[in-house]
Amino acid sequence: MSKTKFILGCFDDPDNMMQGIDNLQKNSIPIYDVYTPMPIHGIEDKMGVKDSRLGYAAFCFGCLGASVIFSILFYTLVLDWPLNVGGKPSFSIPNFVPFTFEWTILFTAFGMTITYFASTHLFPGRAPRVMDLRATDDRFIIAVDAKGNVPHEDITNLLKQAGAVEVKHNERKYVSYE
Amino acid sequence: MSHHHESIIREPLMTGKDITYAQITNDILLPVENKPNKAWWIGFTVSSLGALLWVVSISYTFWFGLGAWGLNKTVGWAWDITGFVWWVGIGHAGTLISAVLLIFRQNWRNSINRSAEAMTIFAVICAATYIVAHMGRPWLAYFTLPLPNQYGSLWVNWNSALMMDVFAISTYFSVSLLFWYTGLLPDIASIRDRATGLRRRIYSILSFGWTGSLKTWQRFETVSLILAGISTPLVLSVHTIVSFDFATSLEPGWHTTIFPPYFVAGAIFSGFAMVQTLLLVTRKVLGLENYITMFHIESMNKIIMLTGSIVGVAYITEFFIAWYSQVEYEQYAFINRATGPYWWAYWSMMSCNVISPQLFWSKKLRTSIKFSWFLSIIVNIGMWFERFVIIVTSLHRDYIPSSWAMFYPTWVDVSVFIGSIGLFFTMFLLFIRVLPSVAIAEVKLLLKTSSEQSKKKLIEEGHLDPVEVQYYKESLTKYDSIDMADYEKV
């Protein structure tokens, strides 16, 4: 039994990497993940990744921010201590607009970004689970789980045919823990 | 195909021969991974001395109180608020580049957004120091927050534009910081994966464990787009609210509805000037000529020209409305600005902000690096004078002639201002040493579509309209980083 845990196809060109994905998919070989130094447009459709739902989260956080600050304004200006400014109504909505607007933005930005960090497991101090150190530099990596996907030689050939500059048979999943 | 070729008639956004993805990383990380050069040390020494001056003068202000400044009973607001508005305005260009240009899919933002956003953050920090300093007793800064006080629940004055400022500036700063840092994560990961030892540990913590996996990037792009979408109205709201500080008062010369758009245009104007001031030097010192090209410089100069013209129209509109309103006080405020004791400040503002940007109609001038840098300094000076004129000339001759006065800055006023410039440059110089000054991942996106080499390859393949190719070659002559000899045979 081979000790290989992951097969990595390393490409130096994103178009070749897309070809590599096609080659693997045509042969029904599941792809574990793809690591790239920059966003690759059109890859989500190919890999069948659904649209991100972070936009909905952003909207909800925006509504929350608006409600929170509007409530604070209403409580302080109207309920708790209505100020008499020349006999004008204390519930003066135009005055509430700048504050409500700012906190809508504030809650949207932070709520959405924190949701993003949580869903993608990003936080300060998290050990980077890197499969190939050049994936953040100049290599476009397709990772295939070696377990169950045999024979490994065929996978290597499919990646090579697409133009992989190197195919690695790694015995460890992550290289970044040493 | 993930990469579509761009039309040949568009100018390249990246120049240089045989550039690879690895070379982009190497070029941009050069200043981060190596010892700084002499130019950096000279700049850093001078700026830190400036920052030191700031520490001394701010400490002096806190120790002795606001009496250390040249304020008097008539001119109760002068250099502090001038400095505040100047710095906030400068910050606006960063958000404009990172957010507005992203929404409009202007790919030339990719190589300048990182340092422009950093500039935003440092400029807003400088602006915030003025707010805290002019409180006199900064340990009571929490009075601006809506907290119930010990005498009963008398809340903060929500009707005041200054209160709106607290919310606008704090939101602007924190959202800008978030946007900037989220964009930095992939680039910090690039540094991490090339570093060893302690450096690797530090950048590992800072990178939040970024790997560049498929879903990370997909969500990253959603987050960037939404952050850009909300930052755009945010940046407009910030300077609108800053202008409310004046526009909601009853002071002649301040009480005008034109202030919000006029301030926003002025902010973008001064911000782009500061981006030019910084980037023209940075590209030379860090050797980034292939990434921050003549196209970027010219585009920014065009924005300076446009916003400068908007500001000019606003100045003239103010004058017209003062006459048209037939309000004597309003009319006097403007005649006093142009011909009173502060005429020199007014005409400095007019010549720096209205006349000088018009020189950019000349293509020769707007593609000259030396002239662009010189003019960016002129615009910075002019925009400082604009705020000084608005603030001091409106106040110094109020409704009662017996209380008319002049404003004379003390050494503390001057030192706080010069010191804040030192503080700004110290932060910027530290930034370019420890973090990539150009967004590496975003620049890599340009390599196969908008780079000079990819376009040259297309020309060599020879399926293009020769007229368009000729047009393209002519547009290349302005670049200082392209050797036209390469195109003679092509």
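Residues numbered from 1 in each chain as written. Chains lettered and ligands numbered in written order. Predicted model: local features only at pLDDT ≥ 70, side-chain atom pairs only at ≥ 80, totals over all residues.

Novice: Could you give an account of the overall build of chain B, naming the residues involved and the relevant values?
Specialist: Across its full length, chain B holds 17 helices and zero strands. Taking 23 Å as the expected radius of gyration for a compact globule of 490 residues, we find that chain B reaches 24 Å, a close match to that expectation. C-alpha atoms of chain B, sized along the principal axes, occupy 80 × 50 × 40 Å. Counting the 490 residues in chain B, one finds 49% classified as buried. Pairs at least 24 residues apart make up 84% of the contacts formed inside chain B by residues separated by at least 6 positions. (Helix = DSSP H or I, 4+ residues; strand = E, 2+ residues; numbered from the N terminus. Rg over C-alpha atoms; globule rule 2.2 N^0.38 Å. Buried ≥ 20, exposed ≤ 12 C-beta atoms within 10 Å, placed from the backbone. Contact = placed C-beta atoms within 7 Å.)

Novice: A description of the interface of chain B and chain A should follow, citing residues and the corresponding values.
Specialist: Opposite the 55 residues of chain B that make contact, chain A presents 59 residues. At the level of elements, helix H1 (21–33), helix H5 (161–194), helix H6 (197–206), helix H7 (214–247) and helix H15 (440–447) of chain B are the ones that each hand at least two residues to the side of chain B that touches chain A. Element by element, the count of residues in the side of chain B that touches chain A is highest for H7 of chain B, at 16 residues. Tallied by class, residues from the side of chain B that touches chain A come to 28 nonpolar, 20 polar and seven charged. (Nonpolar A, V, L, I, M, F, W, Y, C, P; charged D, E, K, R; others polar.)

Novice: Which residues make up the packing of helix H4 (residues 113–134) of chain B against helix H14 (residues 411–434) of chain B, and what values go with them?
Specialist: Residue and element names in this part refer to chain B. Packing of H4 against H14 brings their axes to within 10 Å, and their N-to-C directions diverge by 150 degrees. Between H4 and H14, the interaxial angle falls into the category roughly antiparallel. Crossing of H4 over H14 shows right-handed handedness. Taking contact as the criterion, the partners of Ala118, Met119, Phe122, Ala123, Cys126, Thr129 and Ala133 in H4 are, on H14, Val416, Ser420, Leu423, Phe424, Met427, Phe428 and Phe431. (Axes fitted to C-alpha atoms, helices over the stretch in contact; angles between N-to-C directions. Parallel < 35°, antiparallel > 145°, perpendicular 65-115°, else oblique. Left-handed = near helix turned anticlockwise from the far one by under 90°.)

Novice: Please give an account of the packing of helix H11 (residues 343–355) of chain B against helix H13 (residues 369–396) of chain B that cites residues and values.
Specialist: All names here are of chain B. Between H11 and H13, whose axes approach to 8 Å, the crossing angle comes to 140 degrees. It follows from the interaxial angle that H11 and H13 lie oblique. Regarding H11 and H13, the two cross each other, and that crossing is left-handed. Contacts from Ala345, Tyr346, Ser348, Met349, Cys352 and Asn353 in H11 reach Ile378, Val379, Ile381, Gly382, Met383, Phe385, Glu386, Phe388 and Val389 in H13. Among the residues making up the contact of H11 with H13, the classes are represented as 11 nonpolar, three polar and one charged.

Novice: Which residues make up the nonpolar core, and what values go with them?
Specialist: Judged by nonpolar contacts, the single largest core of 186 residues is most densely connected at Ile141 of chain A together with Val275 of chain B. With near-sequence residues (within four places) excluded, Ile141 of chain A lies in contact with Leu8, Gly9, Cys10, Val34, Tyr35, Met131, Asp132 and Ala135 of chain A. (Core = buried A, V, L, I, M, F, W, Y, C linked by C-beta atoms within 7 Å.)

Novice: Describe the domain arrangement of chain B, naming the residues involved and giving the relevant values.
Specialist: It is common to give the size of an interface as the accessible area lost on bringing the parts into contact. Residue and element names in this part refer to chain B. Splitting chain B by domain gives domain 1 (1–19 + 451–490) and domain 2 (21–147 + 154–450). With 17 residues of domain 1 in contact, the opposing surface of domain 2 contributes 20 residues. Here the side of domain 1 that touches domain 2 is composed, by residue class, of five nonpolar, eight polar and four charged. (Domains from an automatic or database assignment.)

Novice: Go over the domain arrangement of chain A with me, naming the residues and quoting the values.
Specialist: In terms of domains, chain A is made up of domain 1 (6–50 + 131–170) and domain 2 (54–119). For domain 1 of chain A and domain 2 of chain A, the distance between their C-alpha centres works out to 46 Å.

Novice: Break down the sheet that holds strand E3 (residues 140–145) of chain A for me, citing the residues and quoting the values.
Specialist: All names here are of chain A. What the four strands build is an open sheet, ordered E2-E3-E1-E4; its pairing is antiparallel. Of all the strands in the sheet, just strand E2 (33–35) and strand E4 (166–170) have a single pairing partner and so form its edges. Neighbour to neighbour, the strand axes of the sheet diverge by 20 degrees on average, direction disregarded. Where E2 meets E3, three bridges bridge the pair, whose relative direction is antiparallel. Paired with Tyr35 across the two strands is Ile141, which belongs to E3. Together, strand E1 (6–11) and E3 form the strand contacts of helix H1 (residues 14–26), whose direction differs from that of E3 by roughly 20 degrees. (Pairing = 2+ DSSP bridges.)

Novice: So what's going on with H5 of chain B? Which residues, and what values?
Specialist: Residues and elements named next belong to chain B. Between its terminal C-alpha atoms H5 stretches 49 Å, which fits the 50 Å expected from 34 residues at 1.5 Å a residue. Along its length, H5 reaches its greatest deviation from straightness, about 40 degrees, at Leu185, and the proline Pro186 lies no more than four positions downstream. For H5, a buried count of 24 out of 34 residues is recorded, marking the element as mostly surrounded by other parts of the structure. (Expected span 1.5 Å × (residues − 1). Bend = angle between axes of the 7 residues up to and from the residue.)

Novice: How would you summarise the UniProt feature "transmembrane region" (unreviewed entry) in chain A if you had to cite specific residues and measurements?
Specialist: UniProt tags residues 54–76 and 96–119 of chain A as "transmembrane region" (unreviewed entry). In residues 96–119 of chain A, helix accounts for 100% and strand for 0%; the two terminal C-alpha atoms are 34 Å from one another. (UniProt positions renumbered as here; feature names shortened; annotations may be inferred.)

Novice: Would you mind going over the environment of Ala189 of chain B in detail, with residue names and values included?
Specialist: Within the element layout of this structure, Ala189 of chain B appears in helix H5. On the basis of neighbour count, Ala189 of chain B is assigned to the buried category, with 28 C-beta atoms found within 10 Å. Considered as a pair, Ala189 of chain B and Val443 of chain B are 254 residues apart in the sequence and their alpha carbons are 15 Å apart. If sequence neighbours within four positions are ignored, Ala189 of chain B has contacts with Pro128 and Thr136 of chain A together with Ser207, Trp210 and Gly212 of chain B.

Novice: So, helix H3 (residues 79–103) of chain B: which residues are in play, and what are the values?
Specialist: Residues and elements named next belong to chain B. Here H3 spans 36 Å end to end across 25 residues, near enough to the 36 Å set by a 1.5 Å rise per residue. Along H3, the sharpest change in direction is near 40 degrees and occurs at Leu96. Of all 25 residues in H3, 23 are buried; the element is thus mostly enclosed. With its phi angle positive at about 55 degrees, Arg105 sits one or two positions after the end of H3.

Novice: Describe the environment of Met131 of chain A, listing the residues and the values that go with them.
Specialist: Among the secondary structure elements, Met131 of chain A is positioned in the loop between helix H4 (93–119) and E3. With 45 residues separating them in the primary sequence, Met131 of chain A and Ser176 of chain A have C-alpha atoms 7.3 Å apart.

Novice: Give a detailed account of unusual backbone geometry, specifying residues and quantitative values.
Specialist: Residue and element names in this part refer to chain B. You will see that Arg105, though not glycine, has its phi angle at about 55 degrees, which is positive. Positionally, Arg105 belongs in the loop between H3 and H4. Under the C-beta neighbour-count criterion, Arg105 is labelled exposed, with 7 such atoms within 10 Å. One non-glycine residue with positive phi stands out, namely Gln326, at about 60 degrees. Locating Gln326 in the fold gives a position in the loop between helix H9 (294–325) and helix H10 (328–339). With 8 C-beta atoms packed within 10 Å, Gln326 lands in the exposed category.

Novice: Before we move on, could you go through the pairing of E1 of chain A and cite the residues and values that matter?
Specialist: Residues and elements named next belong to chain A. Counting buried positions along E1 yields six of six residues, so the element is predominantly enclosed. Alternating positions in E1 separate into two faces, Phe6, Leu8 and Cys10 on one and Ile7, Gly9 and Phe11 on the other, with burial throughout. Strand direction decides the pairing type here: E1 and E3, joined by six bridges, are antiparallel. What sits directly across from Cys10, in E3, is Ile141. Bridge count for E1 against E4 is five bridges, and the pairing is antiparallel. By the bridge assignment for E4, Leu8 is matched with Lys168.

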